[in-house]
Amino acid sequence: MSASPSETRPGDAEVRLAAALDGLARARLGGEGVIDLTRLTAGASQEIWRFSLREKGALTPLILRRAPGGERVADTAIGPEVEAQLLKAASAAGVPTPRVVHVLTPEDGLGRGYLMSFVDGETLGGRIARSEALSDARQVLAGQCGAAMAAIHRIDPEAFPTLKRVTPREFVTQYLEAYRASAWPRPVFDLAFRWLLDRCPPPPQTPALVHGDFRNGNIMVGPEGLRAVLDWELAHVADPMEDLGWICANSWRFGVEDKPVGGFGLRQDLWAGYEAAGGAKVDPDRARFWEVFGSLRWGVMCSGMANAFRTVDPSIERAVIARRTSETEVDLLRLLAG
Amino acid sequence: MQDQPLPEEIIAAVARFLREAVAPALEGALSFNARVAANALEMAARQLRDAPAGEIEELASLRALLGSEGDLLTLNAELSARLADGRFDLETPGVAEHLWRVTLAKIAVDQPTYWGYRAALNDRAAAPD
């Protein structure tokens, strides 16, 4: 799907990256070098590269995930080192995830990030929601996501002291402040924040480690179902119902409105999978609260791209994501004033 | 008088070039970004075409709703403040209709193919007045 380096004229940064990976492969990974370095995302919050490790005549595909330029970690992200630790803990808890192969150290000369196994599968949300090849997967996917969430919520938060602890009200207020800081009035957002603050659930009895961004778009799927849960950089310790609401937000349905779970499944299947795998009994009102907040949270994230576009990352993609904010305003009005 | 072709015609031609000639000739992230660029140009063109009339309507609606004067930014901030502190809500006469009209005008510029927009139009067409 992506161009190989020989077809795209590698830039200086890419040549340096390949050389550093070559050195790392020999020094730390027991390999002879790397080939086929390919950038998978042009993403601004993370760089993701794929390459093959040469070892004993065999080729092992690996993924490098690192901060943009190796160094720029967003304030809101947990940092790649904690992310790698989280992946290991999630895998041990039974969550399908890529296997962490190596966490970068300063001596590696590659910046901050980690290497992980390459998992093959579909990550594009629209295809997961609609592709014929994944129709069997869609029968079981919501239940599998529920089971994966139950496993995540069983991870001991005490092992992750640097993750943010937030009550529901603090979490909503944090996004309200981010919205206010943008100094760009959006009356629909104020309507929605007021709705949420009037209905804010009390702090959960047992705060859980939550993924924080578990949705269609951050999962990898094969014909048999869920293969990996990706993108852990927004993990925190909070109300476990947050994950169950977020995956149902309108923004991840890819036009399949009657399948609220990511455009591929039903709430009752998600909840049944969660409860069957040992998750707490789902409180529908709480899940609904987080579902509405999901649209607003994504809206605040999108609108923040306008400032990012003007300051740190003037890419067209940023500009276009900023202009997806109005999608969430439509969603919120349908939810609150439908 | 500036000459022709008009800016919107030139923008449309560049968007077409990016989508039909450039994107297929590239692969991976570059091809993706060429299509994103085409979409972005078309969005900007829709705004240049539709926003002036839409914003005149929005300003008139805000003045009527709030009973005060000011520019779009000032009056939107005022509406935001009233919704935030509860002086206004969806029961306030005119508020829901104003928010819907303005939001639909925005999404028509930003993402006219967004499925939630089509669904909202269908809902509103089906709803009794």
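Structural data are supplied above this passage.
Source: prediction; values computed, not measured.

*Asks:* Explanation requested: the overall build of chain A in the structure shown.
*Replies:* Looking only at helices and strands, chain A has 12 helices and 9 strands in total. The principal-axis extent of the C-alpha atoms belonging to chain A is close to 60 × 45 × 40 Å. Residue burial in chain A is summarised as follows: out of 338 residues, 54% are buried. Once local pairs closer than 6 in sequence are excluded, the contacts in chain A between residues at least 24 apart make up 66%. For chain A, the computed accessible surface area is about 14600 Å², with 52% contributed by carbon and sulfur atoms.

*Asks:* What exactly am I supposed to notice about the interface of chain B and chain A here?
*Replies:* Size of an interface: often given as the accessible area lost when the parts come together. Contact with chain B, which involves 35 residues of that partner, is made by 35 residues of chain A. Linking chain B with chain A are 3 salt bridges, by the criterion used here. B:D123 is paired through a salt bridge with A:R334; the nearest N and O atoms lie 3.2 Å apart. Our enumeration of links across chain B and chain A arrives at 11 residue pairs in polar contact (both at pLDDT 80 or more). Residue assignment for the side of chain B that touches chain A shows that the elements contributing at least two residues are α2 (28-66), α3 (72-85), α4 (95-110) and α5 (115-126) of chain B. Looking at the side of chain B that touches chain A element by element, the count peaks at 9 residues for α2(B). For the side of chain B that touches chain A, the class distribution of residues is 21 nonpolar, 9 polar and 5 charged.

*Asks:* Explain the environment of A:T38 here, please?
*Replies:* All names here are of chain A. Looking at the element boundaries, T38 is found in strand β1 (residues 33-39). Residues T38 and W184, 146 residues apart in the sequence, show an inter-C-alpha distance of 38 Å. Side-chain polar atoms of T38 contact the backbone oxygen of D36, separated by 3.2 Å.

*Asks:* It is not clear to me how the pattern of salt bridges should be interpreted in this structure. Could you clarify?
*Replies:* Should their charged atoms come close, side chains of opposite charge can pair. Tallied over the full model, the rule gives 32 salt bridges over all chains. Measuring nitrogen to oxygen at the nearest pair gives 2.6 Å for the salt bridge that ties A:R65 to A:D231. With A:R65 in strand β3 (residues 58-66) and A:D231 in the loop between β8 (225-229) and β9 (236-238), this residue pair connects regions lying 166 residues apart in the sequence. Given a relative accessible area of 4%, A:R65 falls into the buried group. Judged by its relative accessible area of 21%, A:D231 falls in the partly exposed class. Taking the shortest distance from any N to any O, the salt bridge between B:R87 and B:E78 comes out at 4.0 Å. The partly exposed category is assigned to B:E78, whose relative accessible area is 26%. Where salt bridges share partners, they join A:R65, A:E83, A:D231 and A:E233 into one cluster.

Cut-offs and rules
Residues numbered from 1 in each chain as written. Chains lettered and ligands numbered in written order. Predicted model: local features only at pLDDT ≥ 70, side-chain atom pairs only at ≥ 80, totals over all residues. Heavy atoms only, no water. Helix = DSSP H or I, 4+ residues; strand = E, 2+ residues; numbered from the N terminus. Buried < 20%, exposed > 50% of the residue type's maximum accessible area, 1.4 Å probe, protein only. Contact = heavy atoms within 4.5 Å. Areas by Shrake-Rupley, 256 points an atom, 1.4 Å probe, with all protein chains shown as cover. Salt bridge = Lys/Arg side-chain N within 4 Å of Asp/Glu carboxyl O. Polar contact = N/O pair within 3.5 Å; in protein donor to acceptor, adjacent residues only side chain to side chain. Nonpolar A, V, L, I, M, F, W, Y, C, P; charged D, E, K, R; others polar.

Worth remembering: the numbers are spatial, not functional.
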